[in-house]
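# Structure at a glance
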Amino acid sequence: MPRFHCPAPLLAGQSLGLPASAARHVQVLRLQPGQSITLFNGEGGEWEATITRMGRSDVEVTVGAHTTIEREPGRNVTLAMGMPANDRMDWLVEKAAELGVADLQPLHTAHSVLRLAGERATKKQAHWQSVAIAACEQCGGNRVPTVQPVADFNAWLKGLPPVVDAGPELRCLLSLAEGTQPLAQALQSVAGNTPVLFLSGPEGGLNPHEDAVARAAGFVPVTLGPRVLRAETAALAALTLASG
């Protein structure tokens, strides 16, 4: 059954118009009145719905029963990522959403090739948020990850709460420098539902200064093995291990 994100309060029996993006998708799929779809608003679970009217650019539905099903990982995982170049960031956002990441923080780092500011940064953030929504519609996720505004690495790091105030959160730094431990080992050292914050660099990784200040901020340097992975591959491999 086709799934659509509808960021609005949903109640059984109500009639509503779908958001423009969802309405366009319904039109593209050539769905017709009387057909059933699934709606989710990101607040948990999903709703059955029936198409009641098809306009030229708008679609109305009647909301049906709510199901409390969740398909999220057992732990909350945040990925702070030095943005990779070209369209790799789109691919990373899509796959991270499929893997169940809770939050994505795009970062400018010393080795970042992609540089965004002002209106361009705002448009990119909105675009990546739409990529995350589409990924959740496809994969069955009922909680859409939040793509945060693009931030400078140093400012973002300074804005993090001290480790003592962050609760049981595990902070992991994907690092090629010496003194790392296997990520699997770091994950085994905490409870299975402990939130994890991953920090990963762009192409070329973090520079030595960034690596050092991240460690000083409580990030545990971890490795995924002896091979050198692409920036986006390393981030997704880490998410897979943490979400499993």
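Above this text is the structure in question.
Presented here is an overview of the structure given in this document. (Residues numbered from 1 in each chain as written. Predicted model: local features only at pLDDT ≥ 70, side-chain atom pairs only at ≥ 80, totals over all residues. Heavy atoms only, no water.)

### Details of the overall build of the protein chain
When helices and strands are counted, the protein chain shows seven helices and 13 strands. By principal-axis analysis of the C-alpha atoms, the protein chain measures approximately 60 × 40 × 35 Å. Relative to its full complement of 244 residues, the protein chain shows a buried share of 43%. In the protein chain, of all internal contacts separated by at least 6 residues, the share reaching a separation of at least 24 is 73%. Summing over all exposed atoms, the protein chain offers an accessible surface of approximately 12,000 Å²; the carbon and sulfur share of this is 53%. (Helix = DSSP H or I, 4+ residues; strand = E, 2+ residues; numbered from the N terminus. Buried < 20%, exposed > 50% of the residue type's maximum accessible area, 1.4 Å probe, protein only. Contact = heavy atoms within 4.5 Å. Areas by Shrake-Rupley, 256 points an atom, 1.4 Å probe, with all protein chains shown as cover.)

### Observations concerning the packing of aromatic side chains
The final tally for this structure, using the stated rule, is one aromatic pair. On the basis of an interplanar angle of 50° and a centroid distance of 6.3 Å, the ring pair of Trp 156 and Phe 219 is categorised as tilted. One end of the pair, Trp 156, is in helix H4 (residues 153-159); the other, Phe 219, is in the loop between helix H6 (208-216) and strand S13 (220-223), and 63 residues separate them in sequence. The same class applies to Trp 156 and to Phe 219, which are both buried. (Phe/Tyr/Trp six-rings, centres within 6.5 Å; stacked < 30°, edge-to-face > 60°.)

### Structural notes on the state of the cysteines
Scanning all chains against the criterion turns up zero disulfides. Cys 136 takes part in no disulfide bond, and the closest cysteine sulfur, belonging to Cys 139, lies 5.1 Å away. (Disulfide = S-S within 2.5 Å.)

### Regarding the sheet that holds strand S5 (residues 59-67)
Sheet strands pair by backbone hydrogen bonding; their relative direction is either parallel or antiparallel. In spatial order, the strands read S1-S3-S4-S5-S2; together these five strands make up an open sheet with mixed pairing. The open sheet is flanked by strand S1 (3-5) and strand S2 (15-17), the only strands paired with a single partner. Ignoring which end each strand starts from, the neighbouring axes of this sheet average 40° apart. Where strand S4 (residues 46-54) meets S5, seven bridges bridge the pair, whose relative direction is antiparallel. What sits directly across from Ile 51, in S5, is Val 61. Relative to the sheet, helix H1 (residues 20-28) contacts S1, S4 and S5, its axis offset from that of S1 by approximately 160°. Strand contacts of helix H3 (residues 118-139): S1 and strand S3 (36-40), with the helix running at about 150° to S1, the strand carrying the most contacts. (Pairing = 2+ DSSP bridges. Axes fitted to C-alpha atoms, helices over the stretch in contact; angles between N-to-C directions.)

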